[in-house]
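Examination of the molecular architecture
One letter stands for each residue in the lines below.
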Amino acid sequence: MGALRRYELDERADQRFDTLSGGEQARFQILLLELSGATLLLLDEPTDNLDVASAEALEAGLSTYTGTVIAATHDRWFARSFDRFLVFDGDGGVRVSADAGWAAE
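Computed from a prediction, not measured in an experiment: that's the story for all the values here.

Procedures and definitions
Residues numbered from 1 in each chain as written. Predicted model: local features only at pLDDT ≥ 70, side-chain atom pairs only at ≥ 80, totals over all residues. Heavy atoms only, no water. Helix = DSSP H or I, 4+ residues; strand = E, 2+ residues; numbered from the N terminus. Buried < 20%, exposed > 50% of the residue type's maximum accessible area, 1.4 Å probe, protein only. Contact = heavy atoms within 4.5 Å. Areas by Shrake-Rupley, 256 points an atom, 1.4 Å probe, with all protein chains shown as cover. Salt bridge = Lys/Arg side-chain N within 4 Å of Asp/Glu carboxyl O. Core = buried A, V, L, I, M, F, W, Y, C linked by side-chain atoms within 4.5 Å. Patch = residues over 30% accessible without salt bridge, like charges linked within 9 Å, V, L, I, M, F, W, Y side chains within 5 Å. Pairing = 2+ DSSP bridges. Right-handed = clockwise from strand over helix to strand, strands pointing away.

1. Here's the deal with the overall build of the protein chain
- When helices and strands are tallied, the protein chain shows four helices and four strands.
- In terms of principal-axis extent, the alpha carbons of the protein chain reach across some 50 × 25 × 20 Å.
- Counting over 105 residues, the protein chain shows a buried share of 30%.
- Pairs at least 24 residues apart make up 50% of the contacts formed inside the protein chain by residues separated by at least 6 positions.
- As displayed, the protein chain has an accessible area near 7,000 Å², and 52% of this comes from carbon and sulfur atoms.

Shown next, in the form of structure tokens:
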């Protein structure tokens, strides 16, 4: 129940997966990956199409994840907690940065 609570799913513990909202299903799938022992999560626009509460619950759940999270996102709010960024320059170069440039705006 503690794991479900981290992703704000504890009140849905008795529901079938197909009756959960899209945001709840996304959070549950990430929780399953975490519980399976995955040490790397590769997320492509994880907050896309999530309501604010679902995005915040996802972020809270990921904050306790001890593995590595690589996320491609345009969500500046979600990216504010990242500790480093891969920045793709216009000339095709890639560099590591402490901020994404736009994340500090």
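Structure's up, so let's keep going.
2. A few points about the pattern of salt bridges
- Counting across every chain of the model gives seven salt bridges.
- For D18, the salt bridge goes to R16, with nearest N and O atoms at 3.0 Å.
- The class for R16 is exposed, based on a relative accessible area of 58%.
- With a shortest N-O distance of 3.0 Å, E59 and R80 are connected by a salt bridge. One end of the pair, E59, is in helix 3 (residues 52-63); the other, R80, is in the loop between helix 4 (76-79) and strand 3 (85-88), with 21 residues separating them in the sequence.

3. Describing the nonpolar core
- Core analysis: the biggest nonpolar cluster contains 14 residues, and Y7, I30, L31, L41, L43, L58 and L62 have the highest contact counts within it.
- Listing elements by their share of this core, those giving two or more residues are helix 1 (2-6), helix 2 (22-35), strand 1 (40-44) and helix 3.
- Counting residues per element, this core draws most heavily on helix 3, at three residues.
- Apart from residues no more than four positions distant in its own chain, Y7 is found in contact with R27, I30, L31, E34, A57, L58, G61 and L62.

4. Topic: a nonpolar patch on the surface
- On the surface, L86, F88, V94 and V96 cluster together into a nonpolar patch covering about 440 Å² of accessible area.
- Elements with a contribution of two residues or more to the nonpolar patch: strand 3 and strand 4 (94-97).
- By the element assignment, V94 lies in strand 4.

5. With respect to the pairing of strand 2 (residues 68-72)
- By the bridge criterion, five bridges tie strand 1 to strand 2 in an arrangement that is parallel. Note on strand 2: the bridge partner recorded for D44 is A72.
- Each parallel crossover has a hand, and for strand 1 linked through helix 3 to strand 2 it is right-handed.

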